[in-house]
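# Structure at a glance
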Amino acid sequence: MSILVTGGAGFIGSNFVIEWLAASSEPVVNLDNLTYAGNLENLASLEGDARHVFVKGDIGDYELVLRLLSEHKIRAVVNFAAESHVDRSIHGPEDFIQTNIVGTFRLLEAVRAYWNGLPEAEKMAFRFLHVSTDEVYGSLSPSDPAFTENHRYEPNSPYSASKAASDHLVRAYHHTYGLPVLTTNCSNNYGPYHFPEKLIPLVIHNALAGKPLPIYGDGQQIRDWLYVTDHCSAIRRVLDAGRVGEVYNVGGWNEKSNLEVVHTLCDILDELAPPATRNLQLATFRSLITFVKDRPGHDRRYAIDATKLERELGWKPSETFETGIRKTVRWYLDHPDWVANITSGAYREWVGKQYA
Ligand code: NAD
Ligand code: DAU
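So, here's what we can say about the structure. Owing to the predicted nature of the structure, the values given are computational and were not obtained by experimental measurement. (Residues numbered from 1 in each chain as written. Chains lettered and ligands numbered in written order. Predicted model: local features only at pLDDT ≥ 70, side-chain atom pairs only at ≥ 80, totals over all residues. Heavy atoms only, no water.)

In this section: the layout of surface pockets. Looking at the largest pocket, its volume works out to about 570 Å³. Every residue lining the largest pocket is counted, 26 residues in all, and those nearest its centre are Val351, Lys353, Gln354, Tyr355 and Ala356. Put simply, the parts of the chain that give the lining of the largest pocket at least two residues each are α3 (86-91), α7 (199-208), β8 (213-216) and α13 (346-354). If one sorts the elements of the lining of the largest pocket by residue count, α13 sits on top with six residues. Residues belonging to the lining of the largest pocket are distributed by class as follows: 12 nonpolar, seven polar and seven charged. Taken as a whole, the second largest pocket encloses approximately 310 Å³ of empty space. As for the second largest pocket, its lining consists of 15 residues, of which Glu149, Tyr153, Arg171, Gly245 and Val247 are closest to the centre. At the level of elements, α6 (158-177) and β6 (181-186) are the ones that each hand at least two residues to the lining of the second largest pocket. Ranked by the residues each element gives to the lining of the second largest pocket, the list is headed by α6, at five residues. Here the residues of the lining of the second largest pocket are counted per class, giving four nonpolar, six polar and five charged. (1 Å grid on protein atoms, 1.4 Å probe; cavity = no way out; pocket = protein on both sides within 12 Å on 5 of 7 lines; lining within 4 Å. Points joined across faces, edges and corners; volume = space filled by probe spheres on them. Helix = DSSP H or I, 4+ residues; strand = E, 2+ residues; numbered from the N terminus. Nonpolar A, V, L, I, M, F, W, Y, C, P; charged D, E, K, R; others polar.)

What follows is about the site of ligand 1. Around ligand 1, the surrounding shell holds 28 residues, and the nearest of these are Ile12, Asp32, Ser84, Tyr159 and Lys163. At a separation of 2.9 Å, an oxygen atom of ligand 1 approaches a polar backbone atom of Asn189. Listing elements by their share of the shell around ligand 1, those giving two or more residues are α1 (11-23), β5 (127-133), α6 and β7 (188-190). A total of three residues in the shell around ligand 1 trace back to one element, the largest contributor, which is β5. Class assignment for the residues of the shell around ligand 1 results in 12 nonpolar, 13 polar and three charged. (Near = heavy atom within 4 Å. Polar contact = N/O pair within 3.5 Å; in protein donor to acceptor, adjacent residues only side chain to side chain.)

Another aspect to go through is the nonpolar core. Among the nonpolar cores identified, the biggest contains 66 residues, and Phe16 and Val78 are the most heavily contacted of them. With seven residues, the single largest contributor to this core is helix α9 (residues 258-272). The residues contacting Phe16, other than those within four sequence positions of it, are Ile3, Val5, Val78, Phe80, Cys232, Ile235 and Arg236. With 25 residues, the next largest nonpolar core counts Leu31, Leu64, Leu107 and Phe128 among its residues. (Core = buried A, V, L, I, M, F, W, Y, C linked by side-chain atoms within 4.5 Å. Buried < 20%, exposed > 50% of the residue type's maximum accessible area, 1.4 Å probe, protein only. Contact = heavy atoms within 4.5 Å.)

Glancing now at the sheet that holds strand β4 (residues 74-79). Sheet architecture is open: seven strands sit in the order β3-β2-β1-β4-β5-β6-β10, paired in parallel fashion. Bordering the open sheet on either side are β3 (52-56) and β10 (247-250), each of which pairs with just one other strand. Taking each pair of neighbouring strands and ignoring which way they run, the sheet shows an average axis angle of 20°. With five bridges joining them, strand β1 (residues 2-6) and β4 adopt parallel strand pairing. Each residue of the ladder has a partner; that of Ser2, found in β4, is Ile74. (Pairing = 2+ DSSP bridges. Axes fitted to C-alpha atoms, helices over the stretch in contact; angles between N-to-C directions.)

The next subject is the site of ligand 2. Of all residues adjacent to ligand 2, which total 25 residues, the nearest are Asp134, Tyr159, Arg295, His298 and Tyr355. Between ligand 2 and Arg223 there is a distance of 2.8 Å, counted from an oxygen atom to a side-chain nitrogen or oxygen. In the complex, 94% of the free accessible area of ligand 2, which totals 690 Å², lies under the protein chains. Mapped by element, the contributors of at least two residues to the shell around ligand 2 are α3, α7 and β8. Looking at which element gives the most residues to the shell around ligand 2, the answer is β8, with three residues. The residue inventory of the shell around ligand 2, partitioned by class, reads 10 nonpolar, eight polar and seven charged. (Areas by Shrake-Rupley, 256 points an atom, 1.4 Å probe, with all protein chains shown as cover.)

Moving on: α7. For α7, the buried fraction is high: nine of the 10 residues fall into the buried class. Taken as a whole, α7 has its buried residues at Ile200, Pro201, Leu202, Val203, Ile204, His205, Asn206, Ala207 and Leu208. Phi turns positive one or two residues past the end of α7, at Gly210, with a value near 70°.

Structural data, given as structure tokens:
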């Protein structure tokens, strides 16, 4: 038997597939339609590994998904595939509706048809794990307690609204059809293979090129950061032992303002790659910080309470923000070719449009 991972050429999905195959002999079918965010270079270390079967295709392609499920005797689906960038959802929400809502719906339909035809024992053991986000819970004020799984859904961007809709569909497929689903709602990830449209890799990339480091608004918005492999270990744990139909929050207990994050990145870069060694006439990378127009509808604060996951399943993150962020900067410094390839072409168009 195998597992089906969707969106496994993206940031978190590729980290998950690499970690899965390092820890287990169970094959992975990786379904990804390679949008701008999907990158086969992320999976280069798996070349020649017969346990990894990559299929270029859409989660909304019912026939294709049904065929993959049957042909590979899939025992679990982990659904990462999504449009994931809030700023892009503000410029153009349509793709988000299409993949995150309609795509998840079609995927669920194919899984339901396959699951219905399984023998009873396999039906019981089957799992559909939906990877979601803390953004569905909306925005917190500074003194609010962190989001628990019971927090009401208050999505504020087209991205978070589309993820919220997909979470509701997943929930409904359990309650209505009995599909054995699990949902994880995670905070902001960072680490290797993170596409440089998101804050942390964008800042590293711009700093090394001597370009402005754009901070939206006053930079005091707070995010709760989790190193990507900790998110992957949480998903594996929930897949193994999570209670069917349950939702598990995943977070790093690392609340930081955006400005704090950018200062930390600048300080690590000053130490590991001083501006002078890159022919930049700057005393410190901090001097590149530039305040720009705020994101419309910008959520002020996210904070995740991951107590349930720790209490029920014994999961805890292994990295602190300090260890994880250093590893991340190191990774980008060690992989200039990955960055150069990904930031050519369409990436430049996006940066031109967003930061004009
Ligand atoms: P990403 O944008 O880096 O990767 C998404 C992947 O999905 C890409 O490889 C893309 O090609 C693929 N994809 C998009 N549409 C598809 C479709 N219709 N069919 C098949 N494949 C498709 O995203 P990410 O940051 O790795 O996020 C993965 C998942 O985790 C998303 O569901 C996201 O909502 C969720 N999440 C992300 C974070 C974060 O901080 N990045 C935090 C919590 C939850
Ligand atoms: O919370 C989980 C979510 O985290 C995921 O569901 C999303 O897929 C993921 O993209 C991320 O969303 P954010 O909007 O929080 O991440 P982003 O890296 O885009 O922005 C982080 C913060 O930094 C946010 O407050 C906006 C700010 N920012 C971002 C960019 C790209 C800036 O100040 N300047 C920038 O140029």
